Amino acid sequence: MSGHVVNGLYEVLDDRFLTGRCANGDGRLEVLHDDCRWAEGPLYLPAWRQLVWSDIPNDRLLRWDEATGAVSVFRHPAGHVNGNTLDRQGRLVSCEQGNRRVTRTEPDGTLTVLADRYDGKRLNSPNDAVVRSDGTIWFSDPDFGILSDYEGHRAESEIGACHLYRIDPWSGRVHLAADGFEGPNGVILSADERRLYVSDSRAARIRVFDVAEDGTLSGGEVFAAAGEGVHYDNIRLDDQGRLWAAALEDGVHCYDPDGTLVGRLRVPGTVANVTFGGPKNNRLFIAAATTLYSLVMSVTGAPRV
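For every chain, the first residue of its written sequence is number 1, and the numbers climb from 1 along that sequence. Whole-chain, interface and lining totals are the exception, using all residues; otherwise, since this is a predicted model, local features are given only for residues with pLDDT of at least 70 and side-chain atom pairs are given and counted only at 80 or more. Calculated side-chain values reflect all of the structure's heavy atoms, with hydrogen atoms and water omitted.

Pairs of aromatic rings are described using the distance from one ring centre to the other and the angle between the two planes. Any two of the Phe, Tyr and Trp rings considered here, Trp counted by its six-membered ring, make a pair once their centres fall within 6.5 Å; the pair's planes then place it as stacked at under 30 degrees, edge-to-face at over 60, or tilted in between. The tally for this structure, following the rule as stated, stands at ten aromatic pairs. Ring centres 6.2 Å apart and planes at 65° place the aromatic pair F223 and Y255 in the edge-to-face group. With F223 in strand β21 (residues 217–225) and Y255 in strand β24 (residues 252–255), this pair connects stretches of sequence that are 32 residues apart. Take F223 and Y255: they sit in the same class, and that class is buried. Their ring planes at 85° and their centres at 6.3 Å tell us that W244 and F276 sit as a pair that is edge-to-face. Of this pair, W244 sits in strand β23 (residues 243–246) while F276 is found in strand β26 (residues 271–277), placing the two residues 32 residues apart along the sequence. Just as W244 is buried, F276 falls in that class too. When the NZ atom of lysine or the CZ atom of arginine is within 6 Å of a ring's centre and also within 35 degrees of its normal, the charge is said to sit over that ring. The positively charged end of R207 is found above the aromatic ring belonging to F181, 4.5 Å away from the centroid. A run of DSSP states H or I qualifies as a helix once it reaches four residues; a run of E qualifies as a strand once it reaches two. Both are numbered from the N-terminal end. The classification of residues rests on relative accessible area computed with a 1.4 Å probe and restricted to protein chains. Under 20% of the type maximum is buried, over 50% is exposed, and intermediate values are partly exposed.

Shown next as structure tokens:
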């Protein structure tokens, strides 16, 4: 499927991409940094007006300062961190592929291990996580970090499958939340916390689950399926319920809440991760291969909590 292109950047596949003002932002991508081996996990920290992101093969977390444009090392070594998110207390929650665990960075800089095993077996390589308002955490656990020494440490899977897990906020227990994935990756909650979206990279699809009050999931229907040769990495939502998916070699996909692909952002390189940030939450940060880009848009990310 192809459509007409606005400003060489926005590809319109459905009129809703235009009526939703999705193509009314900057006419070019801004390069913030171009010295990574493989960039992922961008996360905007509004209290500090900074962005942290992962350079996985170099085993470091980097930090970009919005006020000065300066880039520095936030943490090294970092356990080959992939995805990052914030909990409701503003603490950094990270998925460490290399250490095969999910951790929380405390205000004093120390690390608390939130999950490293399920049913007594080591996790594969946690990839992405999302935190509900009550502290419940869901995280994906593909085997990407144990396939080689490039983004982690080569090892055999002790679990023997790739699942989605839930960490109970009161007991700290790790529960199996959903299975049937080939390579679970990006995880995001809807604004009302009643739906959870999970990208399955190897299956080239995004699934959506209904979320019960106790954190259990049901459903799991296909929300979107990629075209031939296209695969998804992480996913994010805007304040209109549209889903934006990092689609690797196919740029960034934009889906209407009904699952229709309405547009694309044409980005050079392989797009691994995206996130919204900036003072108005309308700046899209894009991690693509060696480069961190940004794009100030007329679209606003889902409300920050």
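Along the chain, A47 turns up in the loop between β4 (39–45) and β5 (50–55). Residue classification places A47 among the exposed positions, given a relative accessible area of 67%. Sequence separation between A47 and Y10 is 37 residues; the distance between their C-alpha atoms is 31 Å.

Function cannot be read off these values alone, since they describe shape.
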